[in-house]
Amino acid sequence: MDDPRGRMTKDGIRIHEAADFAGMHAAGKLAAEILDEVAPMVAPGVTTGELDDYIRTRIEGSGAKSATIGYRGYAHASCISVNHVVCHGIPGPKVLKDGDILNIDVTVIVDGWFGDTSRMYVAGSLSRKAERLIQVTHDALMKGIDAVRPGATFGDIGHAIQNYVEAQRMSVVRDFCGHGLGRVFHAPPNVLHYGRPGSGPRLEEGMFFTIEPMVNLGRPETKVLADDWTAVTRDKSLSAQFEHSVGVTADGCDIFTLSPAGIFHPTW
Ligand code: MF3
Ligand code: CO
Ligand code: CO
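Residues numbered from 1 in each chain as written. Chains lettered and ligands numbered in written order. Predicted model: local features only at pLDDT ≥ 70, side-chain atom pairs only at ≥ 80, totals over all residues. Heavy atoms only, no water.

**Q** Help me understand the coordination of the cobalt ion (ligand 3) in this model?
**A** Under ideal tetrahedral coordination, the four donors around a metal are separated by 109.5 degrees; under ideal octahedral coordination, the six donors are separated by 90 or 180 degrees. Of the protein atoms, only Asp105 (OD), Asp105 (OD), Asp116 (OD) and Glu243 (OE) coordinate the cobalt ion (ligand 3), at distances of 2.1 to 2.3 Å. The site at the cobalt ion (ligand 3) holds six donor atoms, and with the angles between them running 59 to 169 degrees, its shape is irregular. Between the donor residues of the cobalt ion (ligand 3), the gaps in sequence give the motif D-x10-D-x126-E. If you look at the cobalt ion (ligand 3) and the cobalt ion (ligand 2), they sit 3.3 Å from each other and are both ligated by Asp116. Residue Asp105 is found in strand β6 (residues 101–110), and its partner Asp116 is found in strand β7 (residues 113–122); the two are separated by 11 residues along the sequence. Assigned by exposure class, Asp105 and Asp116 land together as buried. (Donors = N, O, S within 2.8 Å, 3.2 Å for Na, K, Ca; no water. Tetrahedral: all angles 85-135°; square planar, octahedral: opposite > 155°, others 65-115°. Helix = DSSP H or I, 4+ residues; strand = E, 2+ residues; numbered from the N terminus. Buried < 20%, exposed > 50% of the residue type's maximum accessible area, 1.4 Å probe, protein only.)

As structure tokens, then:
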């Protein structure tokens, strides 16, 4: 569907109007609320399919739509990526066991606006190395968000993330990126989680996009399994991811997917 209002930059990035922020806040809030609600359900013995069933029912019960059901043949209301799965893990009969770490990624459509967010969860006890990975990945997302303001570039965001992660001797995944969104799921630009300061398109007030760094304890390379979705680390090292949907404001950044319960980080 074409957007009658706003305008497009030369890089094809839509500049939204002030009134559009409210639509993104409503969509982002629902997605974040759902991620809050699944937190107490994550435990050893639970299957990823059961978590997805809750998410699907909750989205439909609220009168919203799942953006992922039917997207390029995907059939689930969430992606659930356990341990060495980097992203796009398919929910199903897999039973969580003590010590598993997992990312749950939900995208909803509310009144035509897309809210896309993911965060990490822990089943049972958390190992020291997994805790460090989750902390670094969360902080990397926040450093990327701190770089968002008019006049900065997308390279500044990527650089802030990469610089921090690599200083912790972890690696940033290159094969997947964040994306513009709004009244569409995936739009320009590709939001890279690595880069050089000053490179890439310049940020302008009214741009909406996700930042969703994936960080590995080992090497950055990934491969996609035979199901054509599940992306894993090639070296089987643990991987983590956090995602927010954000908008550029006159003086910085508006986060659409803040956790209403204040439990975005799993070790709240
Ligand atoms: N929510 C994911 C993202 O952050 C996209 C998932 S597409 C799916 O962009 F089809 F795998 F669900
Ligand atoms: Co996304
Ligand atoms: Co997502």
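So that's the structure; there's more coming.
**Q** What am I meant to see in the site of ligand 1 here?
**A** Taken together, 14 residues are adjacent to ligand 1, and Thr68, His179, His186, Glu212 and Glu243 come closest. Here an oxygen atom of ligand 1 sits 2.9 Å away from a polar atom, N or O, in the side chain of His186. The side chain of Glu243 places a nitrogen or oxygen atom 3.0 Å from an oxygen atom of ligand 1. If ligand 1 stood free it would expose 340 Å²; the protein chains cover 96% of that surface. Here ligand 1 is seated within the largest pocket. When grouped by side-chain class, the residues that make up the shell around ligand 1 number five nonpolar, five polar and four charged. (Near = heavy atom within 4 Å. Polar contact = N/O pair within 3.5 Å; in protein donor to acceptor, adjacent residues only side chain to side chain. Areas by Shrake-Rupley, 256 points an atom, 1.4 Å probe, with all protein chains shown as cover. 1 Å grid on protein atoms, 1.4 Å probe; cavity = no way out; pocket = protein on both sides within 12 Å on 5 of 7 lines; lining within 4 Å. Sits in = over half its atoms within 2 Å of the grid points. Nonpolar A, V, L, I, M, F, W, Y, C, P; charged D, E, K, R; others polar.)

**Q** Honestly, the pairing of strand β11 (residues 208–211) in this entry has me stumped. Any pointers?
**A** With burial as the criterion, each face of β11 is covered, one bearing Phe208 and Thr210 and the other bearing Phe209 and Ile211. Of the pairings in the sheet, the one linking β11 to strand β16 (residues 244–248) comprises four bridges and is antiparallel in character. In the sheet register, Phe209 faces β16, and the bridge partner there is Val246. (Pairing = 2+ DSSP bridges.)

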